[in-house]
Amino acid sequence: MQEAKRLQSLPPYLFARIEKKIQEKKAAGVDVISLGIGDPDRPTPGNIIDKLVEQAHNPENHSYPSSVGMMEYREAVAQWYKNRFEVDLDPASEIVALIGSKEGIGHISFCYVDPGDVNLVPDPGYPVYGIGTLLAGGEPYNMPLKEESGFLPDLDAIPEDVADKAKILFINYPNNPTGALADIGFFNKVVAFAKKHDLIVCHDGAYSEIAFDGYEPPSFLQAEGAKEVGIEFNSLSKPYNMTGWRIGWAAGRPDVIEALGRIKSNLDSGAFQAIQYAAIEGLTGPQDSVKNMQAVYKERRDTVVNGLNAMGWNMKAPKATFYVWAPVPKGFNSSEFAELVLEKAGVIITPGIGYGDNGEGYFRIALTVDNKRIEEALGRMKDAIGKVEF
Ligand SMILES: *Cc1c(COP(=O)(O)O)cnc(C)c1O
């Protein structure tokens, strides 16, 4: 059977080669340490699990939920925005529950993109922005994120006709994979650019709570006029170690929220209500687990950055996300370097090319492994590779 063009349009899976190598290493008995995967290793806080168990026993939660989310859940999200960012949101019209933010990021293109339409996507970037665009029949236009511009897209470098034609502008700060930050000044520029070119802004705020050294990432919705141009995605996945639970939201511009809800009501029937109750507990309950989580990642981050710097890197510690994005030493491309590190040290790092052409020349280390294992990984890298040059 011939697969549909939309499936054929998806780019080849760039990590396939390294995954084969990993299997070979493991089969050969090597104790492989994976610093490749951005998935929290620690458990969901107990108060959230307790709430799930309690609500799972309630038969009222066993039926189809509302596809846009329970009002109590959307109210909890609104309250969280008020407390965290001083942003006012109407839970009825400006918030929709998602089955993880990836679900909404994937579906938003189905709301606005017809075949041949263009979306502006960051390169390097989280792959779902471009994949959702392709699945809807659209074309991603890559905005290079360059180190010299703080890994922010240069909006003025986007050709006028492309910007005018484009439907959605995807941005993501704190950024995966680069760990870069954006301030309100940048978000204000994005709002002006979106108004000028009639774009819908989709800001992915997945790492808004993974920050260190006193830094508090802003929300896109804090920018003046943000709610007139776009929405923000976020989820409980990263701050509460809930990637497996599949619960998130989109918030902001009401017609966009309504459109996303309409697509969802035709495709899925929303998130299990017991999970929504557990998410309410997460957002409104005690937040000390978030503080602890930040301290844990900060320690790991320092282990990685100090370890790399001892080998000849000259890295500053990223102030947010659980990633370290580092340049590849002289003489390698990112895939070659990742293969070398796996071959010689039994450590998995992610080649930057996997996140887009402009990720070439970099690799990503995820801090989602115990600090002892990270120390072991950096020690092995130092023994195997020694000093590096750029
Ligand atoms: C982890 C992550 C997400 C969150 O995904 P969920 O579907 O909410 O679990 C979204 N965007 C980025 C950039 C991520 O790294």
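Residues numbered from 1 in each chain as written. Predicted model: local features only at pLDDT ≥ 70, side-chain atom pairs only at ≥ 80, totals over all residues. Heavy atoms only, no water.

K.L.:
I would appreciate a short explanation of the site of the ligand in the present structure.
P.N.:
Surveying the vicinity of the ligand reveals 14 residues, the closest of which are Asp204, Tyr207, Ser237, Lys238 and Arg246. A distance of 2.8 Å is found between an oxygen atom of the ligand and a side-chain nitrogen or oxygen belonging to Ser101. With respect to the ligand, the side chain of Asp204 contributes an N or O atom lying 2.5 Å from a nitrogen atom. Burial of the ligand by the protein amounts to 95% of the accessible area it has alone, namely 390 Å². Across the shell around the ligand, the residue classes break down as 4 nonpolar, 6 polar and 4 charged. (Near = heavy atom within 4 Å. Polar contact = N/O pair within 3.5 Å; in protein donor to acceptor, adjacent residues only side chain to side chain. Areas by Shrake-Rupley, 256 points an atom, 1.4 Å probe, with all protein chains shown as cover. Nonpolar A, V, L, I, M, F, W, Y, C, P; charged D, E, K, R; others polar.)

K.L.:
I tried to follow the sheet that holds strand 9 (residues 323-327) on my own but got confused; where do I start?
P.N.:
Strand pairing within a sheet occurs via backbone hydrogen bonds; the two strands may be parallel or antiparallel. Taken together, 3 strands build an open sheet; the order of strands is 9-12-11 and the sheet is antiparallel. Across the chains shown, the open sheet's two edge strands, defined by having one partner strand only, are strand 9 and strand 11 (350-351). Relative to strand 12 (residues 362-366), strand 9 runs antiparallel, the two being bridged by 5 bridges. From the neighbouring strand, Trp325 faces strand 12, where its bridge partner is Arg364. (Pairing = 2+ DSSP bridges. Helix = DSSP H or I, 4+ residues; strand = E, 2+ residues; numbered from the N terminus.)

K.L.:
For this particular structure, what's the right way to read the nonpolar core?
P.N.:
Where a protein is soluble and globular, its nonpolar side chains tend to be buried together. Residues Tyr73, Tyr81, Leu120, Leu169 and Trp249 are the most contacted members of the largest nonpolar core, which totals 99 residues. Residue contributions to this core reach at least three from each of two domains, namely domain 1 (5-43 + 288-385) and domain 2 (46-284). Discounting chain neighbours no more than four positions away, the residues touching Tyr73 are Ala97, Leu236, Ile247, Gly248, Trp249, Gln276, Ala279, Ile280 and Leu283. Among the nonpolar cores identified, the runner-up in size contains 21 residues, and Ile108, Val128, Tyr129 and Phe233 belong to it. (Core = buried A, V, L, I, M, F, W, Y, C linked by side-chain atoms within 4.5 Å. Buried < 20%, exposed > 50% of the residue type's maximum accessible area, 1.4 Å probe, protein only. Domains from an automatic or database assignment. Contact = heavy atoms within 4.5 Å.)

K.L.:
Just to check I follow, could you spell out the pattern of salt bridges for this structure?
P.N.:
It is possible for side chains of opposite charge to pair when their charged atoms get near one another. This structure, assessed with the given rule, holds 25 salt bridges. The closest approach of N and O atoms between Asp41 and Arg300, which form a salt bridge, is 2.9 Å. Linking Asp41 in the loop between strand 1 (33-34) and helix 3 (46-56) with Arg300 in helix 12 (residues 288-310), this pair joins segments that are 259 residues apart in sequence. Exposure remark for Asp41: the relative accessible area of 38% places this residue in the partly exposed category. Among the salt bridges present, the one from Asp255 reaches Arg253, with a minimum N-O distance of 2.8 Å. Exposure remark for Asp255: the relative accessible area of 40% places this residue in the partly exposed category. According to the relative accessible area criterion, Arg253 is buried, its value standing at 17%. (Salt bridge = Lys/Arg side-chain N within 4 Å of Asp/Glu carboxyl O.)

K.L.:
So what exactly am I meant to see when it comes to the pairing of strand 7 (residues 230-235) here?
P.N.:
Where a strand is regular, its side chains alternate between the two sheet faces. Burial of strand 7 is extensive: 6 of the 6 residues sit out of reach of the surface. Where burial is concerned, the two faces of strand 7 agree: the one with Gly230, Glu232 and Asn234 and the one with Ile231, Phe233 and Ser235 are both buried. Here 4 bridges tie strand 6 (residues 200-204) to strand 7, and the two strands are oriented parallel to one another. If you follow Val201 over to strand 7, its bridge partner there is Gly230. Where strand 7 and strand 8 (residues 248-252) come together, 5 bridges link them in antiparallel fashion.

K.L.:
Would you explain helix 14 (residues 371-385) in this entry?
P.N.:
Residues spaced three or four apart along an α-helix face the same direction, because each turn holds 3.6 residues. The end-to-end C-alpha distance of helix 14 is 21 Å, a good match for the 21 Å that 15 residues give at a rise of 1.5 Å each. Residues of helix 14 that are buried include every one of Asn371, Ile374, Ala377, Leu378, Arg380 and Met381, and no others. Buried residues in helix 14 make contact with strand 1, helix 12, helix 13 (334-345) and strand 10 (347-348). Looking at where helix 14 begins, the residue whose side-chain oxygen comes 3.1 Å from the main-chain nitrogen of Lys372 is Asp370. Just beyond helix 14, the residue with positive phi is Gly386, at close to 70°. (Expected span 1.5 Å × (residues − 1).)

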